[in-house]
Amino acid sequence: MHFGFQTVTEEERREKSEGGGGGGGRGRAGPGAALGPGQPGSLSRVPGTFYQVFENVAKKYDVMNDSMTLGIHRVWKDILLHKMNPCPGTLLLDVAGGTGDIAFRFINYVRSVRQRQLQRKLKNHQNLSWQEIFESYQKDKFNSLGDSQVVVCDINREMLKVGKQKAQHLGYSEGLSWVLGNAEELPFDDDKFDVYTIAFGIRNVTRIDLALQEAYRVLKPGGRFLCLEFSHVNNPLLSRLYDLYSFQVIPVLGEVIAGDWKSYQYLVESIRQFPPQEELKEMIEDAGFFKVDYENLNFGIVAIHSGFK
């Protein structure tokens with residue numbers, strides 16, 4: 001069976017990305033690109049009323065993710081956070097993170113670590129008075145992240161809007177900020193962040209090499225780069241089944257849930273054209289990172305690449 005692919009020039013891709021709002025260069029796609037909904041920005045190579053598609057997908061982003069991945073995208077993101085293992089005081093930049101999924105997990109993780117630290121502290125001071133224990137808890141209440149911060153940067157205004165609404169609904173405010181920006185030209189100073197994450201977004205930047213160079217630039221020396229992205233299945237039989245599901249089922253679900261077939265067809269195709277694990281590893285090394293490795297999840301359906309500055 002032949003699966004067709006649409007060819008689009010870099011300039012066309014950039015111009016269509018700009019149509020989504022907030023500059024060009026990075027059409028961001030969520031987990032649904034292969035197994036779930038895509039970020040509207042990733043529809044940059046799909047002709048037609050781009051902005052209308054963008055709005056439709058943004059509003060149904062979470063429903064599409066869960067429907068097309070059967071909820072597995074949540075596990076993948078949890079694994080990313082455990083691999084990061086942030087401690088209180090960590091400054092994280094989450095690029096292409098408009099819906100806040102990584103940011104919210106980061107906040108929860110750091111709060112949990114902070115709480116365990118406080119409990120160990122109190123356990124080691126058994127002779128503290130009730131007043132001292134109360135004051136210690138009150139102090140922690142107003143600094144539950146231990147000065148940690150996460151900056152969510154996304155090129156799509158509508159996705160940032162969705163993320164902000166989710167944050168308000170879920171009660172996230174402390175240590176969280178939202179910035180409109182392009183992955184290929186980040187609006188941040190050099191050597192600023194401890195960790196850089198990009199989940200289901202790097203596949204759709206216009207120039208992956210530029211995005212990686214920018215990631216390297218904004219990280220502090222010793223800072224860590226983490227990329228969660230759909231990759232290439234390393235089992236031939238599973239790969240065949242995966243192709244059938246991706247090309248025959250996902251566009252149908254896209255039509256039923258989001259009312260858009262062609263956009264989700266593109267999202268699937270973008271996966272097959274993305275560099276395989278080893279090639280992406282070499283690109284990350286070329287950007288200057290060292291100790292670069294990757295971990296395949298679910299036979300390579302997705303992979304987590306890691307590197308240090």
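Residues numbered from 1 in each chain as written. Predicted model: local features only at pLDDT ≥ 70, side-chain atom pairs only at ≥ 80, totals over all residues. Heavy atoms only, no water.

### Considerations on helix 8 (residues 208-218)
Move 1: If you check which residues of helix 8 are buried, you get I208, A211, L212, E214, A215 and V218. Buried residues in helix 8, looked at end-on, bunch into an arc of 160 degrees, giving them a common side.
Move 2: Against strand 1 (91-95), strand 4 (193-199), strand 5 (219-230) and helix 12 (277-286) lie the buried residues of helix 8. (Buried < 20%, exposed > 50% of the residue type's maximum accessible area, 1.4 Å probe, protein only. Helix = DSSP H or I, 4+ residues; strand = E, 2+ residues; numbered from the N terminus. Arc of directions from axis to C-beta. Contact = heavy atoms within 4.5 Å.)

### A look at the side chain of E184
Move 1: Note that E184 resides in the loop between strand 3 (176-180) and strand 4.
Move 2: Engagement of the side chain of E184 in a polar contact is seen with the backbone nitrogen of T206, the distance being 3.0 Å.
Move 3: At a separation of 3.0 Å, a polar atom in the side chain of E184 contacts the main-chain amide nitrogen of R207. (Polar contact = N/O pair within 3.5 Å; in protein donor to acceptor, adjacent residues only side chain to side chain.)

### So, a negative patch on the surface
Move 1: Together, E278, E279, E282 and D286 make up a negatively charged patch on the protein surface.
Move 2: For E279, the location among the structural elements is in helix 12.
Move 3: Using a relative accessible area of 41% as the deciding quantity, one classes E279 as partly exposed. (Patch = residues over 30% accessible without salt bridge, like charges linked within 9 Å, V, L, I, M, F, W, Y side chains within 5 Å. Areas by Shrake-Rupley, 256 points an atom, 1.4 Å probe, with all protein chains shown as cover. Salt bridge = Lys/Arg side-chain N within 4 Å of Asp/Glu carboxyl O. Lys, Arg positive; Asp, Glu negative; His and termini not counted. Charge placed at Lys NZ, Arg CZ, Asp CG, Glu CD.)

### Notes on the pattern of salt bridges
Move 1: Within the structure shown, the criterion is met by 12 salt bridges.
Move 2: We note a salt bridge from K166 to D101, for which the minimum N-O separation is 2.9 Å. With K166 in helix 7 (residues 157-170) and D101 in helix 5 (residues 101-123), this pair connects stretches of sequence that are 65 residues apart. Exposure class is identical for K166 and D101. Each is buried.
Move 3: Here the salt bridges share partners, and the residues they tie into one network are K77, D101 and K166.

### So, helix 4 (residues 72-84)
Move 1: End to end, helix 4 covers 19 Å across 13 residues, agreeing with the expected 18 Å (1.5 Å per residue, within 8%).
Move 2: Within helix 4 the residues assigned to the buried category are H73, W76, K77, L80, L81 and M84. Looking straight down helix 4, one finds its buried side chains confined to an arc of 140 degrees; they lie on one side. (Expected span 1.5 Å × (residues − 1).)

### Here we look at the sheet that holds strand 5
Move 1: Spatial ordering of the open sheet is given by 3-2-1-4-5-7-6, a layout of 7 strands whose pairing is mixed. Edge positions in the sheet fall to strand 3 and strand 6 (290-297), since each of these pairs with one other strand and no more. Strand-to-strand, the axes of this sheet are offset by a mean angle of 15 degrees, without reference to chain direction.
Move 2: The pairing of strand 6 with strand 7 (residues 302-308) spans 6 bridges and is classified as antiparallel. In the sheet register, F290 faces strand 7, and the bridge partner there is F308.
Move 3: Across the face of the sheet, helix 8 comes into contact with strand 1, strand 4 and strand 5 while running at roughly 145 degrees to strand 5. (Pairing = 2+ DSSP bridges. Axes fitted to C-alpha atoms, helices over the stretch in contact; angles between N-to-C directions.)

### What to know about the confidence of the model for the protein chain
Move 1: The share of residues in the protein chain with pLDDT of 70 or more is 72%, and the mean pLDDT across the chain is 79.
Move 2: Under a pLDDT of 50 for its full length, residues 1-5 has, in the predicted model, 12 contacts with residues more than four places off or in other chains.
Move 3: For residues 15-55, every residue scores under 50 in pLDDT, and the model assigns this stretch 182 contacts once sequence neighbours within four places are set aside. (pLDDT = per-residue confidence, 0-100.)

### Considerations on the pairing of strand 7
On a regular strand, each side chain points to the face opposite its neighbour's, so the side chains alternate between the two faces of the sheet.
Move 1: Counting buried positions along strand 7 gives 6 out of 7 residues, so the element sits mostly inside the fold.
Move 2: Pairing geometry for strand 5 and strand 7, over 7 bridges, is antiparallel. Each bridged residue has a counterpart across the sheet, and for F225 the counterpart in strand 7 is G307.
Move 3: Hairpin remark: strand 6 followed by strand 7, antiparallel, with 4 residues in the connecting loop; positive phi at N298, about 50 degrees.

### Side note on the environment of E269
Move 1: Of note, E269 is situated in helix 11 (residues 261-272).
Move 2: Relative accessible area serves as the criterion here: at 7%, E269 is assigned to the buried category.

### Comments concerning the packing of aromatic side chains
Move 1: Under the defined criterion, the tally for this structure stands at 10 aromatic pairs.
Move 2: Judged by centre distance (4.6 Å) and plane angle (5 degrees), the rings of F104 and Y172 are stacked. A residue pair is termed long-range when its members are at least 10 positions apart, and F104 in helix 5 and Y172 in the loop between helix 7 and strand 3 qualify at 68 residues.
Move 3: An angle of 45 degrees between the planes, with centres 4.9 Å apart, marks the rings of F200 and F230 as tilted. Of this pair, F200 sits in the loop between strand 4 and helix 8 while F230 sits in strand 5, and the two are 30 residues apart along the sequence. (Phe/Tyr/Trp six-rings, centres within 6.5 Å; stacked < 30°, edge-to-face > 60°.)

### Some details on a nonpolar patch on the surface
Move 1: Taken together, the side chains of L70, I72 and V75 define a hydrophobic patch exposed on the protein surface, amounting to about 290 Å² of accessible area.
Move 2: By secondary structure assignment, the location of V75 is in helix 4.

### Re the environment of E214
Move 1: For E214, the location among the structural elements is in helix 8.
Move 2: Separated by 29 residues in the primary sequence, E214 and E185 place their C-alpha atoms 6.6 Å from one another.
Move 3: With residues near it in sequence (within four places) discarded, E214 still touches A183, E184, E185 and L186.

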